[in-house]
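Survey of secondary and tertiary structure
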Amino acid sequence: MTEPTLDILALGNAIVDVLARVDDALIEAEGMTKGSMRLIDAADASRLYAAMPAGREISGGSAANTLAGAAALGARCAFVGRVAPDQLGEVFAHDIRAQGVAYTTPVGPIDPPTARCLILVTECGERTMNTYLGAAQFLPPEDLDEAQVASAAILLLEGYLWDPAEPRAAMRRAVRVAKAAGRKVALGVSAVFCILNHRGDFLALIEAGDVDILFANEEEVLALAGTATFDEGVEFLRQRVPLLVATRGADGAIAVRGDERATCAAEPVERVVDTTGAGDLFSAGFLAGLVQERSLEDCLTMGAVAAAEVIGHFGARPEADLKALVAKRLG
């Protein structure tokens, strides 16, 4: 097996986040559940965008956020995801490349437009997400650079992207290429609704040995394992994946690798501004530690540090020096 030239390559939704501070009245007027994520169509995206106050446009997408954080921690990263030849597509491509992440996916047609996530952030820092997937859901297998996939030590799959047929086929092809090259595959299940829609597919990947690293939060562990308690869910999954990483919000996180188990507490945060991307950045810190061959405890701590940094400001991309924060925390 040749030495990898990339540490992490991810397939995910190429999305631009549009964030604005709002009060609860707008959430209620739109009939939303605060703290939820829903998919919307192009018409709803245009209407809601017009109703939002002035905000910020920042490149996002779960896997892309993870790569931005991992790159900030020194990992060699590349992203695969489709945008359209429009203004938001240019914003996304510029931003992710500026983060030090290789991005060479061919641009799609002008219609549908680039995906965007309209994020309404209330005073408590809770975010209500309204996502129009647009061009992102039409990533075809032909857009994969198989040599690039084979060159990455870890292939990261974004669960959100499993829903539409074309990206799902692209992800299946990427798994075959990565496994043939002797690489590891990481799956982030992304959300409970992804599990409800595709639990059979996710479990089939796991049972086939195609998932080496599984990222999930507490609710997702229960949904995927089909168990009544978190401990039962962990036991179910640890017998099926080589490495399970599960986050528990303010209660920290755990990592289980065979009989080895590590835990960490959540890092203290002076003020929660926006929880967008906290899980993504946790994965970033953990994976960056993993490719540096650190202990599970250190990997968890790096994840917690990265997550704490991102919830202290608007947007899901790191603004502080993550390397310096990790060095201060771990020495």
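These numbers come from a predicted model, not from an experiment.

1. Observations regarding the nonpolar core
- Membership of the largest hydrophobic core comes to 50 residues, with the highest contact counts inside it found for Phe79, Phe92, Phe286 and Leu300.
- Residue contacts for Phe92: discarding those within four places in its chain leaves Ala14, Ile15, Val16, Ser59, Gly60, Ala64, Phe79, Val83, Tyr103 and Arg317.
- In terms of nonpolar packing, the next biggest core, distinct from the first, is built from 43 residues, Val80, Leu144, Leu155 and Leu203 among them.

2. Let's talk about the packing of helix α7 (residues 192-207) against helix α8 (residues 218-225)
- Contact pair α7 / α8: the axes reach a minimum separation of 9 Å and the direction vectors enclose 60°. It follows that α7 is oblique to α8 by the angle criterion. Crossing handedness for the pair α7 and α8: right-handed. Here Val192, Ile195, Arg199, Phe202, Leu203 and Ile206 of α7 lie close against α8, whose contacting residues are Glu219, Glu220, Ala223, Leu224 and Ala225.
- Tallied by class, residues from the contact of α7 with α8 come to 8 nonpolar, no polar and 3 charged.

3. A look at the sheet that holds strand β3 (residues 37-39)
- Strand order in the open sheet formed by 5 strands is β3-β8-β7-β2-β4, with mixed pairing between adjacent strands. In this open sheet, the two edge strands, each paired with only one partner strand, are β3 and β4 (56-60). The mean inter-strand angle of the sheet, taken between neighbouring strand axes irrespective of direction, is 25°.
- Pairing of strand β7 (residues 115-121) with strand β8 (residues 127-132), which is carried by 6 bridges, proceeds in the antiparallel orientation. Bridging from a neighbouring strand, Leu118 pairs with Asn130 of β8.
- Taken strand by strand, helix α2 (residues 42-51) contacts β2 (15-21), β4, β7 and β8, and its axis lies near 40° from that of β7.

4. Thoughts on unusual backbone geometry
- Of note, the amide linkage connecting Asp111 to Pro112 takes the cis form, showing an omega dihedral of 5°.
- Along the chain, Pro112 falls in the loop between β6 (101-103) and β7.
- Not every positive phi belongs to a glycine, and Ser190 is a case in point at roughly 80°.
- One can find Ser190 in the loop between β10 (184-188) and α7.
- At Glu293, a residue that is not glycine, the phi angle is positive and equals roughly 60°.

5. Considering helix α12 (residues 322-330)
- Two or three places before Lys323, at the start of α12, stands the capping residue Asp321, its side-chain oxygen 3.1 Å from that residue's backbone nitrogen.
- Two residues or fewer after α12 comes Gly331, characterised by a positive phi angle close to 85°.

6. Regarding the packing of aromatic side chains
- Applying the stated rule across the entire model yields 6 aromatic pairs.
- Each ring, one from Tyr160 and one from Phe193, has its centre 6.0 Å from the other, and the planes form 35°; the classification is tilted. Note that Tyr160 is positioned in the loop between β9 (152-158) and α6 (165-180) and Phe193 in helix α7, a separation of 33 residues in sequence.
- For Phe193, a relative accessible area of 28% translates into the label partly exposed.
- Through a chain of ring-to-ring contacts, three or more aromatic side chains come together here, namely Phe79, Phe92 and Tyr103.

About the thresholds
Residues numbered from 1 in each chain as written. Predicted model: local features only at pLDDT ≥ 70, side-chain atom pairs only at ≥ 80, totals over all residues. Heavy atoms only, no water. Core = buried A, V, L, I, M, F, W, Y, C linked by side-chain atoms within 4.5 Å. Buried < 20%, exposed > 50% of the residue type's maximum accessible area, 1.4 Å probe, protein only. Contact = heavy atoms within 4.5 Å. Axes fitted to C-alpha atoms, helices over the stretch in contact; angles between N-to-C directions. Helix = DSSP H or I, 4+ residues; strand = E, 2+ residues; numbered from the N terminus. Parallel < 35°, antiparallel > 145°, perpendicular 65-115°, else oblique. Left-handed = near helix turned anticlockwise from the far one by under 90°. Nonpolar A, V, L, I, M, F, W, Y, C, P; charged D, E, K, R; others polar. Pairing = 2+ DSSP bridges. Polar contact = N/O pair within 3.5 Å; in protein donor to acceptor, adjacent residues only side chain to side chain. Phe/Tyr/Trp six-rings, centres within 6.5 Å; stacked < 30°, edge-to-face > 60°.

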